[in-house]
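Coordinates in review
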Protein chains: 2
Amino acid sequence: MRRGKPNDPGRRARILQATLDVIRAGGMEAASYRGIAAHAGVPLGSMTYYFPTLEGLILSALDTTRSDLEPRYADPLREAQTRDDVVDALVDATIGATSPTLDDIRLYAEIRHYGARNPKVADVLQAVEDDSLVMLHRVLPNSTALAINALLWGWWSHRLAHPDTALDELTVRQAFEALVNLPAPGHPFHEKEQNHA
Amino acid sequence: MRRGKPNDPGRRARILQATLDVIRAGGMEAASYRGIAAHAGVPLGSMTYYFPTLEGLILSALDTTRSDLEPRYADPLREAQTRDDVVDALVDATIGATSPTLDDIRLYAEIRHYGARNPKVADVLQAVEDDSLVMLHRVLPNSTALAINALLWGWWSHRLAHPDTALDELTVRQAFEALVNLPAPGHPFHEKEQNHA
DNA sequence: GCTTAGTGCGTACGCAAGTACATACCGGTT
DNA sequence: AACCGGTATGTACTTGCGTACGCACTAAGC
């Protein structure tokens, strides 16, 4: 019963990859069966064969970004032991070596944007964010992790809106430092001794 | 020479308003000539008459948000004298009385999103952001204003992604406090002093 | 070597969109 | 009253889209 062996294994994966490329380059509204088919070099019929609905294709493609991006930002945070390590990792993820390219930020922005109206995409977004929060939560209180997540996304958005002007590293670093050293709510005796006016 | 008096003055304005409504409700891709025409109660021909290109219509509509939103967030910040006042105004703009509704955040998100690919929209976005930065800069160093802008947008984005869970006020407040009290770069002994009032 | 189930593909239909344009309407001017 | 320029609209054309579906191809089973 080994009927139905795929004649072109990997075609499915190539379609998924092409989908992400198209979204990165032209946004979610550029993700049409025909456009992706042209980009992937497969006929239109193949698209509907592997992915009967367009939404299913997009969801599958977006979901693969999780496994692609997660280790990139997760590993440095996972290895961070002190709060300074955390700050270093965050600055790096914002503007440094492990930071996403503008294209990748664009892709992430598409997920956030689409997720605001599409519950299925919102689930994907939630999963990505949970990954990040869980990691931060290992060394920081929950509320601080939320604020840091918000700021990190804010910096990325800034890069997106100002692609030609680089963010000043000291500015980014001090902002993250200020948040990382926030006292845990309900535990005001956390030895922070930061400048609190 | 009083030829060409409009038969329905205000129709142009109503179309612009309907455009914003449609974008708020369904996003930029819902902004079609036909959909907006139906929402505004005008025939299709009126749309192309007043706004020959769809992009022009959208740009005009987005631009009107500047004059709508600006005073709402500007006034409290303009009246803020101490840094605590600034923090109050920021917390309020994030989750308080002057904070935008989810629909308005959605609209702002559309501007940011569209602005990432469309230079004309990017100009609108830049203008909105400049308004905000100029105000913050009255009482804070430039780099701090940048960070605060990033965090504010991050919080709004958070609300968008989690419409059903309210943000904790203390969390928001402490995060803003931490940023507002950052030392000015290059002037580490600025401490409590404000810039030119 | 025929059968057959699954893989892969080309074509066509229905729909909604932006746009172009000929036409009707209205209110001053003469 | 006749005219005329700007205002306003209905209609039709073209394009690109998702989708449906029938047919061709391939390889395992007999």
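Residues numbered from 1 in each chain as written. Chains lettered and ligands numbered in written order. Predicted model: local features only at pLDDT ≥ 70, side-chain atom pairs only at ≥ 80, totals over all residues. Heavy atoms only, no water.

Overview of the environment of Glu70 of chain A
Residues and elements named next belong to chain A. The residue Glu70 is located in helix 4 (residues 54–79) in this model. With relative accessibility at 27%, the residue Glu70 sits in the partly exposed group. Between the C-alpha atom of Glu70 and that of Asp131, which follows or precedes it by 61 residues, the distance is 7.4 Å. Once residues within four sequence positions are removed from consideration, Glu70 is found in contact with Thr65, Arg78, Asp131 and Met135. (Helix = DSSP H or I, 4+ residues; strand = E, 2+ residues; numbered from the N terminus. Buried < 20%, exposed > 50% of the residue type's maximum accessible area, 1.4 Å probe, protein only. Contact = heavy atoms within 4.5 Å.)

A look at the pattern of salt bridges
A side chain with one charge may pair with a side chain of the opposite charge, provided their charged atoms come close. Applying the stated rule across the entire model yields 20 salt bridges over all chains. Arg117 of chain B serves as the salt-bridge partner of Glu110 of chain A, at 2.8 Å between the closest nitrogen and oxygen. Of the two residues, Glu110 of chain A sits in helix 6 (residues 102–115) while Arg117 of chain B sits in the loop between helix 6 (102–115) and helix 7 (119–137), which places them in two different chains. With a closest N to O distance of 3.8 Å, Arg66 of chain B and Asp131 of chain B form a salt bridge. Placement of the pair is Arg66 of chain B in helix 4 (residues 54–79) and Asp131 of chain B in helix 7, with a sequence separation of 65 residues. Through salt bridges that share partners, Asp21, Arg24, Arg72 and Asp104 of chain A make up one connected network. (Salt bridge = Lys/Arg side-chain N within 4 Å of Asp/Glu carboxyl O.)

Observations concerning the relation of the copies chain A and chain B
Overlaying chain A on chain B yields an RMSD of 0.1 Å, the required transformation being a rotation through 180 degrees with an accompanying axial translation of 0.0 Å. Those values place the two copies in the arrangement expected of a two-fold rotation axis. Same-surface contact between copies: 92% of interface residues of chain A are shared with the interface of chain B. (Least-squares fit on C-alpha atoms with pLDDT ≥ 70 in both.)

Here we look at the confidence of the model for chain A
All names here are of chain A. Residues with a pLDDT of 70 or more make up 90% of chain A, whose mean pLDDT is 87. Mean pLDDT per element in chain A: helix 4 is the minimum at 86, and helix 9 (residues 169–180) is the maximum at 97. Contacts for the low-pLDDT stretch residues 188–197, under 50 throughout, to residues beyond four places or in other chains number 10 contacts. (pLDDT = per-residue confidence, 0-100.)

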